[in-house]
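Letter by letter, the chains look like this.
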Amino acid sequence: MLEDINAKEGAIHMQITDIRVRKVDKEGKMKAIVSITVDNEFVIHDIKVIDGDKGLFIAMTSKKTIDGEYRDIAHPINSDTRERMQQKIIEAYIAAEE
């Protein structure tokens with residue numbers, strides 16, 4: 001379940017070393033809130049697992065700005081890394097459902 005996440009060949013290897021899933025029991029599109037640990041050194045809390053029109057996806061930790069918009073606090077820099085993170089988080093969510 002926990003594998004290297006590489007943006008490109010030769011890039012520094014980032015590993016998700018822990019995933020903690022907290023399922024949301026109320027009705028709605030948000031299904032879980034997840035915390036991940038990266039390289040046993042850095043934690044990102046409050047990643048949301050959302051059930052959207054095209055299936056499950058993740059929404060990164062965000063905060064509401066003064067003008068009412070939401071901005072990510074921490075996020076992957078490229079789409080390849082985001083897809084790999086999303087895959088691992090959704091796999092952990094599905095495993096927690098079983």
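Residues numbered from 1 in each chain as written. Predicted model: local features only at pLDDT ≥ 70, side-chain atom pairs only at ≥ 80, totals over all residues. Heavy atoms only, no water.

Asker: Whenever I open this one, the overall build of the chain confuses me. Can you help?
Answerer: Scanning the chain for helices and strands turns up one helix and seven strands. Ordered by position in the sequence, the α and β elements of the chain form the string β-β-β-β-β-β-β-α. Relative to all contacts within the chain whose residues are 6 or more apart in sequence, the contacts with residues 24 or more apart total 31%. Carbon and sulfur atoms form 49% of the exposed surface of the chain, whose accessible area is close to 7000 Å². (Helix = DSSP H or I, 4+ residues; strand = E, 2+ residues; numbered from the N terminus. Contact = heavy atoms within 4.5 Å. Areas by Shrake-Rupley, 256 points an atom, 1.4 Å probe, with all protein chains shown as cover.)

Asker: Sorry if this is basic, but what is going on with unusual backbone geometry here?
Answerer: Glycine aside, residues mostly have negative phi, and peptide bonds are mostly found in the trans state. Look at Asp39: it is not a glycine, yet its phi comes out positive at around 55°. On the accessibility criterion, Asp39 (33% relative accessible area) is partly exposed. Although it is not a glycine, Asp46 adopts a positive phi angle of roughly 65°. (Buried < 20%, exposed > 50% of the residue type's maximum accessible area, 1.4 Å probe, protein only.)

Asker: What am I meant to see in the confidence of the model for the chain here?
Answerer: It should be kept in mind that the predicted coordinates are not to be read in detail where pLDDT is low. Summary statistics for the chain give a mean pLDDT of 88 and a share of 87% for residues scoring 70 or more. Within the chain, the element-level pLDDT minimum falls on strand E1 (residues 4-5), averaging 52, and the maximum on strand E3 (residues 30-38), averaging 96. (pLDDT = per-residue confidence, 0-100.)

Asker: Help me understand the pairing of strand E4 (residues 42-52) in this model?
Answerer: Regular strands have side chains that alternate between both faces of the sheet. Pairing between E3 and E4: seven bridges, direction antiparallel. Bridge pairing in E4 links Val34 to Ile47. From the end of E3 to the start of E4, which pair antiparallel, there are three residues, and Asp39 there has a positive phi angle of about 55°. The sheet contact formed by E4 and strand E5 (residues 55-59) spans five bridges and is antiparallel. Opposite Val49, over in E5, you have Ile58 as the bridge partner. (Pairing = 2+ DSSP bridges.)

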